[in-house]
Amino acid sequence: MSKVLAALSVSVDGYITGRDPGPRRGLGDGGMLFDWYFDGDTPSAVIDGFRLSAPSARVFDAAAARVGASLAGRNTYDDSGWDTGGTPHPDAPLVVLSHRPLPATHPRQNLVTSGIAEAVETARRLAGDKDVALMGGGVTTAALAAGLVDELILHQRPVLLGAGRPYFQTLSAPVELRLIEAVAAPAVTHLHYEVVR
């Protein structure tokens, strides 16, 4: 069965966006969270245009190559400008969890309105023998609370944003993690965890 992972860029104080994110504003003032995608000499083997440091390329491409479907909440969908039909991964369809209809129908996008369990199941079906990548703090927290997450990867940037959308929202109980790998790279530290069940 495919695994469910979340691999997001995050500030040291836990934010995945800066202040005032939104449609046509992207991450608000938090764009530096993704500087590590473009600050190296190693092209990504998965995402065209990304030029990473050698250690970051190894970590990023290993995770990105596993993705068979992405799952995002509505805030992430709107903030990322995917309303024109785009997806976060070039080869994987996108499942959007939202109570509101999408602005248009696109062949690589799928709307689920009935909750996180059905959204993850839909993404798993679409992923086939590959994995499901969670996008956004709300979806990640809901999936963690439902016991549906297998791995977390924090691409931690050495910056304190002070405000924005948090990677994790309030959980009703602690979630134990086991460190799989920690990779120090220029301008980012990659922390890969397994969720302990």
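For the structure, check the block above.
So, here's what we can say about the structure. Since the model is a prediction, treat every value here as computed from it, not as a measurement. Every chain is numbered on its own, with residues counted from 1 as its sequence reads. Only residues with pLDDT of at least 70 are given local features in this predicted model, and only at 80 or more are side-chain atom pairs given and counted; all residues enter the totals for whole chains, interfaces and linings. In computing side-chain values, all of the structure's heavy atoms are included and hydrogens and water are not.

Examining the overall build of the protein
Thinking step 1. Per the convention used, a helix needs a DSSP run of H or I reaching at least four residues, while a strand needs a run of E reaching at least two, with both numbered from the N terminus. Scanning the protein from N- to C-terminus turns up 4 helices and 10 strands.
Thinking step 2. In the protein, the order of α-helices and β-strands from amino to carboxyl end is β-β-β-α-β-α-β-β-α-β-α-β-β-β.
Thinking step 3. Here the radius of gyration uses the C-alpha set of atoms, whereas the globule reference equals 2.2 Å times the residue count to the power 0.38. Here the C-alpha radius of gyration of the protein, 16 Å, is about what a compact globule of 197 residues would show, namely 16 Å.
Thinking step 4. A principal-axis box enclosing the C-alpha atoms of the protein has dimensions of 40 × 40 × 35 Å.

Details of the pairing of strand S4 (residues 67–73)
Side-chain positions along a regular strand alternate between the two faces of the sheet.
Thinking step 1. Here's how the labels work: a residue is buried when its accessible area is under 20% of the maximum for its type, exposed when over 50%, partly exposed in between, all with a 1.4 Å probe on protein chains only. Within S4, 7 of the 7 residues are buried, leaving the element largely enclosed by the surrounding structure.
Thinking step 2. In the sheet, S4 pairs with strand S7 (residues 131–135) via 5 bridges, with the strands oriented parallel. When the sheet's bridge partners are listed, Ala-69 is paired in S7 with Val-132.
Thinking step 3. Pairing of S4 with strand S5 (residues 94–97) involves 4 bridges; the strand directions are parallel. Bridged to Gly-73 within S5 is Leu-97.
Thinking step 4. By the criterion used throughout, a crossover qualifies as right-handed when its path from the first strand across the helix to the second strand runs clockwise, the strands pointing away from the viewer. Each parallel crossover has a hand, and the one from S4 via helix H2 (residues 74–80) to S5 is right-handed. When DSSP locates at least two bridges between a pair of strands, those strands are taken to pair.

Overview of the side chain of His-190
Thinking step 1. Relative to the helices and strands, His-190 resides in strand S10 (residues 188–195).
Thinking step 2. A distance of 2.8 Å separates the side chain of His-190 from the side chain of Ser-56, its partner in a polar contact.
Thinking step 3. Note on contacts: a residue pair is in contact if any heavy atoms of the two residues lie within 4.5 Å. Aside from chain neighbours lying at most four places away, what touches His-190 is Trp-36, Ser-56, Val-59, Leu-154, His-155, Glu-181, Ala-182, Val-183 and Ala-185. Counting of polar contacts relies on pairs of N or O atoms within 3.5 Å, with two restrictions inside protein: one atom must be capable of donating a hydrogen and the other of accepting it, and residues adjacent in sequence are counted only when both atoms are side-chain atoms.

Some remarks on the sheet that holds S10
Thinking step 1. A sheet is described by the order of its strands in space; here 8 strands give the open sequence S6-S5-S4-S7-S1-S8-S10-S9, paired in mixed fashion. Pairing within the sheet leaves two strands with one partner each, and these edge strands are strand S6 (109–112) and strand S9 (177–185). Recorded for the sheet is a direction-independent mean angle of 20 degrees between the axes of neighbouring strands.
Thinking step 2. A fitted line through C-alpha atoms serves as each axis, taken over the contacting stretch for helices, and the angle formed by two N-to-C directions is quoted from 0 to 180°. Across the sheet, helix H4 (residues 137–145) touches strand S1 (4–11), S4, S7, strand S8 (151–157) and S10, and the angle it forms with S7 is around 125 degrees.

Regarding the side chain of Asp-131
Thinking step 1. Positionally, Asp-131 belongs in strand S7.
Thinking step 2. A residue is classified by how much of its surface remains accessible, and Asp-131, at 10% relative accessible area, is buried.
Thinking step 3. Every residue in contact with Asp-131, bar those within four places of it in the chain, is listed here: Ser-2, Lys-3, Leu-5, Arg-66, Val-67, Gly-68 and Ala-69.

Topic: the environment of Leu-161
Thinking step 1. Here Leu-161 shows up in the loop between S8 and S9.
Thinking step 2. By relative accessible area, Leu-161 is classed as buried at 7%.
Thinking step 3. For Leu-161 and Gly-18, which are 143 residues apart along the polypeptide, the C-alpha to C-alpha distance reads 6.2 Å.
Thinking step 4. With residues near it in sequence (within four places) discarded, Leu-161 still touches Ser-11, Asp-13, Tyr-15, Thr-17, Gly-18, Arg-19, Asp-29, Gly-30, Met-32 and Leu-33.

Structural notes on the nonpolar core
Thinking step 1. Only buried Ala, Val, Leu, Ile, Met, Phe, Trp, Tyr and Cys residues count toward a nonpolar core, and they belong to the same one when joined by side-chain atoms within 4.5 Å. Ranked by size, the top nonpolar core spans 27 residues in total, and within it Leu-71, Ile-116, Val-132, Leu-134, Val-149, Leu-152 and Tyr-167 carry the most contacts.
Thinking step 2. Listing elements by their share of this core, those giving two or more residues are S1, S4, S5, helix H3 (116–127), S7, H4, S8 and S10.
Thinking step 3. A per-element tally of this core places H3 first, with 5 residues.
Thinking step 4. Leave out the neighbours within four places in its chain, and Val-149 touches Val-4, Leu-134, Thr-140, Ala-143, Leu-144, Val-195 and Arg-197.
Thinking step 5. Counting residues in hydrophobic clusters, the runner-up holds 11 residues, among them Trp-36, Tyr-37, Val-46 and Ala-185.

Thoughts on the packing of aromatic side chains
Thinking step 1. When the centres of two rings from Phe, Tyr and Trp lie within 6.5 Å, Trp using its six-membered ring, the rings pair. Their planes under 30 degrees apart give stacked, over 60 give edge-to-face, and anything left gives tilted. The final tally for this structure, using the stated rule, is 9 aromatic pairs.
Thinking step 2. Judged by centre distance (5.5 Å) and plane angle (50 degrees), the rings of Phe-50 and Phe-60 are tilted. Here Phe-60 lies in helix H1 (residues 54–64) and Phe-50 lies in the loop between strand S2 (42–43) and strand S3 (51–52), a separation of 10 residues in the sequence. Taken individually, Phe-50 and Phe-60 each receive the classification buried, so the pair is uniform in this respect.
Thinking step 3. Among the aromatic side chains, those forming a connected cluster through ring pairs are Phe-34, Trp-36, Tyr-37, Phe-38, Phe-50 and Phe-60.

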